[in-house]
Structure formats: C-alpha cells, structure tokens
Amino acid sequence: MPPSGVPADQVLDVEDLFGRAARTTANSIITEPDVPTALQLAATFLRAAAPTPSATTHSMHRNIDEATALVDTITTDPSLLRVSQLAAHAGLSTRQLQRLFAEYVGIGPKWVIRRTRIQEAASRAATTPQDWSALATELGYADQAHFTRDFTGAVGVSPAQYASWARRG
C-alpha cells in the first residue's frame, strides 16, 4: 500500500519516499554483488524506516486475534448455538460481538454459527442415518422445517437427499 497521498501504480524515486539519505542505501543495495547481503541491507533499511506500532495497531491485532479465537470456538464447541451464548463466552454485549465480527470476520456471528452447524449436520448425515427432527433441535433450530430450509439453502439439496447421495458415494 503506498504512503498516504501517493497514487498507486507509479514508480517513485526512493528519495521521494524516504528522504535523501535513502539514495546512499539504495545505491549500496543495487551495487552489492552478493544477493543475500543486498537483501540484508534492504531489510535493515526497511526495518529502520518502518513506523512504530501505535496503540491503535496493537488494539487492532488484539481484535483480530479475538475474532479468530471466537470463530475457532464456534467450530470446536457444538454447544454454542446462539449469538447471546457466544457474546457471554467472550465477555461482550451482543452488539459488541456483532461489530467485532462485521469488522474482522466480514460476516455476522449468527451466520458463522448457522453455517458451522449445517456443516456438522452434513457431516453426520453422510455417515449415519439421522432423526432430522432431533438433529434440528440439537443444532438449535426451533423446528425441522427451519433447519431443512437452512440446510437446503446452504447445501443445495434437502438433508434427506444429501444423506442419500453422500452414503451412495
């Protein structure tokens, strides 16, 4: 990403970006015959020129890590069926959790929970016969019809059709 105010897709002189002293370093890198040494010179220069991480940057990384951990929790804890449960687990309000997911995951926590549970249902259906009503309840659905609609929307066929197809190979 170019520095602020610098148009993308342009070739700029090193001095325009890093100042006059950068020309000497650039010349040393260009004329260095040993590639590993040239790479080390460039890395040293770029590390020195890198901005110091701010509190905002640290906060952003913490939020990315938190969002990633929550997605992992959804996939590993089948007892999490509701956004409110995940919010309580994370120590966040439902709205804070929704904002965290919108910012760092790109989709809502409800969608991730539902999709993960549908994947679980498909996995089970592919290996053993299922009582669809009981499975719908276990996965947090109020009724089998709602589960069937979500499953069909995600997979493209009804749970029974998928199970039949998957078990045939």
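Just so it is clear, the structure is predicted and the values come from calculations on it, not from any experiment.

(A) Just the overall build of the chain, in detail. Within the chain, the secondary structure is distributed over 10 helices and 0 strands. In the chain, the order of α-helices and β-strands from amino to carboxyl end is α-α-α-α-α-α-α-α-α-α. Expressed as a percentage of contacts within the chain between residues at least 6 apart in sequence, the contacts between residues at least 24 apart total 48%. Carbon and sulfur atoms make up 55% of the accessible area of the chain, which amounts to about 11000 Å² in all.

(B) Looking closely at the packing of aromatic side chains. This model, assessed by the stated rule, comprises 6 aromatic pairs. Ring geometry for Phe147 versus Phe151: centroids 5.9 Å apart, planes at 55 degrees, classification tilted. Linking Phe147 with Phe151, this pair stays in helix α9 (residues 144-155), spanning 4 residues, or about one helical turn. Considering the side-chain rings of Tyr162 and Trp165, the 5.7 Å spacing of their centres and the 45 degrees angle between planes classify their relative orientation as tilted. Of the two residues, Tyr162 and Trp165 both sit in helix α10 (residues 159-168), 3 residues apart, roughly one turn of that helix. A connected cluster of aromatic rings, assembled from ring pairs, spans Trp132, Tyr141, Phe147, Phe151, Tyr162 and Trp165.

(C) Focus on the nonpolar core. By size, the foremost hydrophobic cluster in this structure holds 13 residues, and its most contacted members are Ala121, Trp132, Leu135, Leu139, Tyr141, Phe147 and Phe151. For this core, the secondary structure elements donating two or more residues are α7 (109-127), α8 (132-138), α9 and α10. Counting residues per element, this core draws most heavily on α7, which supplies 4 residues. With sequence-adjacent residues up to four places away left out, Trp132 is seen in contact with Ala125, Gln144, Phe147, Pro159, Ala160 and Ala163. Within the second largest apolar cluster, 12 residues are counted, among which are Leu70, Val83, Leu97 and Phe101.

(D) Local environment of the pattern of salt bridges. Under the criterion given, the structure shown has 5 salt bridges. The salt bridge partner of Arg124 is Glu120, with a shortest N-O separation of 2.7 Å. Highlighted residues: Arg124 and Glu120, both in helix α7, separated by 4 residues, approximately one helical turn. Using a relative accessible area of 22% as the deciding quantity, one classes Arg124 as partly exposed. For Glu138, the salt bridge identified is with Arg124, shortest N-O distance 2.6 Å. Of the two residues, Glu138 sits in helix α8 while Arg124 sits in helix α7, which places them 14 residues apart along the sequence. Take Glu138: its relative accessible area is 43%, and that puts it in the partly exposed class. Linked by salt bridges that have partners in common, Asp13, Glu15 and Arg23 make up one network.

(E) Structural detail: the packing of α7 against α10. Taken N-terminus to C-terminus, the directions of α7 and α10 make an angle of 55 degrees; their axes are 7 Å apart at the nearest point. One element, α7, and the other, α10, form an angle in the oblique class. The element α7 and its partner α10 pack so that their crossing is right-handed. The segment α7 lies against α10, with Ala122, Ala125, Ala126 and Thr127 engaging Tyr162, Ala163, Ala166 and Arg167. Taken together, the residues of the contact of α7 with α10 break down into 6 nonpolar, 1 polar and 1 charged.

Reading guide: rules and limits
Residues numbered from 1 in each chain as written. Predicted model: local features only at pLDDT ≥ 70, side-chain atom pairs only at ≥ 80, totals over all residues. Heavy atoms only, no water. Helix = DSSP H or I, 4+ residues; strand = E, 2+ residues; numbered from the N terminus. Contact = heavy atoms within 4.5 Å. Areas by Shrake-Rupley, 256 points an atom, 1.4 Å probe, with all protein chains shown as cover. Phe/Tyr/Trp six-rings, centres within 6.5 Å; stacked < 30°, edge-to-face > 60°. Core = buried A, V, L, I, M, F, W, Y, C linked by side-chain atoms within 4.5 Å. Buried < 20%, exposed > 50% of the residue type's maximum accessible area, 1.4 Å probe, protein only. Salt bridge = Lys/Arg side-chain N within 4 Å of Asp/Glu carboxyl O. Axes fitted to C-alpha atoms, helices over the stretch in contact; angles between N-to-C directions. Parallel < 35°, antiparallel > 145°, perpendicular 65-115°, else oblique. Left-handed = near helix turned anticlockwise from the far one by under 90°. Nonpolar A, V, L, I, M, F, W, Y, C, P; charged D, E, K, R; others polar.

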